[in-house]
Amino acid sequence: MKTVHMGVPLVMERLVLPTIQKMLDDVDLDTIRWTTELNRFTDFGPLPTNPKEIPEVTATHQVTHLRDRDQAVQSGEYAFVQDAFPPMRDDLAAQGFVDPSGVFVTFCVVPVGLVYHQSVQNPPRSWAELADPAWRGRVITFDMGVIHTLLGVGMRDFLGEDTQAFVESIGYHGNPVNVNYMIDSGQADVAIMPLPFGTASRRGNVLLQWPEDGAFVVPNVLAFKRDPDPRAIAVGSYLLSEGVQKMMSSLGLIPVHPSAELPKQVAENNLNLRWPGWDAFIQALNN
């Protein structure tokens, strides 16, 4: 049985997965569901290199997949199909979001910044300020490997050898919705949050701070099996279509389609992102 793996951002699952399921006919759709067993110790990788185990297309943001890009290239079992889809918008391409290996096709980018309860005096305005010992024990985030690893990589610029101690001092509290609630209800002061979960709250107590030194980012990519089923390419075309990309923007995800506008907060902050480029990012993930 052929398979397709769709690990799309949580905020868009319900909007795109039913359509993708209809497109696949007898192809098995595999997804990651958020359960209490999924936490920062969960390992989703490595990307398979046995042709019998490789999905026709994999949509993923899991760092345990991203870090294995070079092994996927070397295996010869993955396709190079970037030319089958619209070119990436110029501003993102200029920042290095096009994978030079050709194996990963970026379909959106999730910015990660800071939120805080409105009662907090002088909240941190940057990652550099967040690294101050005064914030130890006052910061929370969601409990998944992607954010745990992202912080371990991103905070090295500010903390060096003290990075791991900082990362372990953070409170990890389930999914992003739960973290948003904890800030909104005053149970925590500051949270590290992806943009889609950081701009709204039921009580109106959650305020967004775009880090002055740039938002961390989580690239979401597609990886295709060598000689993929045409339906896999169709799924990629759907996710990269103008309509779906505009929907991503409305959810706070950064679209890659040239005709889709940036989310308001991203545009207001001039696409200020901390992204070293694919090769440097993957090297950091593996160190």
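Residues numbered from 1 in each chain as written. Predicted model: local features only at pLDDT ≥ 70, side-chain atom pairs only at ≥ 80, totals over all residues. Heavy atoms only, no water.

1. Some remarks on the overall build of the protein chain
Note the threshold: Each helix is a run of H or I in the DSSP string that is no shorter than four residues. Each strand is a run of E no shorter than two, and both are numbered from the N terminus. To get the radius of gyration, use the C-alpha atoms; to get the globule rule, take the number of residues to the power 0.38 and multiply by 2.2 Å. In this analysis, two residues are considered to be in contact whenever any of their non-hydrogen atoms come within 4.5 Å of each other. Surface accessibility follows the Shrake-Rupley procedure with a 1.4 Å probe radius. Residue values consider only the protein chains on display as shielding. Positive charges are assigned to Lys and Arg, negative charges to Asp and Glu, while His and the chain termini are left out of the count. Where a charge sits is defined by one atom per residue type, namely NZ (Lys), CZ (Arg), CG (Asp) or CD (Glu).
Within the protein chain one finds 13 helices and ten strands. Taken against the 2.2 N^0.38 rule, which gives 19 Å for 287 residues, the C-alpha radius of gyration of the protein chain at 19 Å falls within 12% of a compact globule. Based on the C-alpha atoms only, the size of the protein chain along its principal axes is roughly 55 × 40 × 35 Å. Across the protein chain, every contact between residues at least 6 apart in sequence was considered, and the portion connecting residues at least 24 apart equals 74%. Element-wise, carbon and sulfur atoms account for 48% of the exposed surface of the protein chain, whose accessible area totals about 12,600 Å². Taken together, the 21 basic and 33 acidic charged side chains of the protein chain have centroids lying 5 Å from each other.

2. Focus on the packing of aromatic side chains
Note the following rule: For Phe, Tyr and Trp, where Trp contributes only its six-membered ring, two rings pair if their centres lie within 6.5 Å, and the inter-plane angle classes them as stacked under 30 degrees, edge-to-face over 60, or tilted in between. Accessible area is worked out with a 1.4 Å probe on protein chains only. A residue is then buried under 20% of its type maximum, exposed over 50%, and partly exposed in between.
Counted by the stated rule, this structure contains seven aromatic pairs. Consider the rings of Trp275 and Phe281, whose centres lie 4.8 Å apart with planes at 45°: the pair is tilted. In terms of burial, Trp275 and Phe281 fall into one category: buried. Their ring planes at 80° and their centres at 6.2 Å tell us that Trp278 and Phe281 sit as a pair that is edge-to-face. Note that Trp278 and Phe281 are positioned in helix 13 (residues 278–285) at a spacing of three residues, about one turn of the helix. The class for Trp278 is buried, based on a relative accessible area of 2%.

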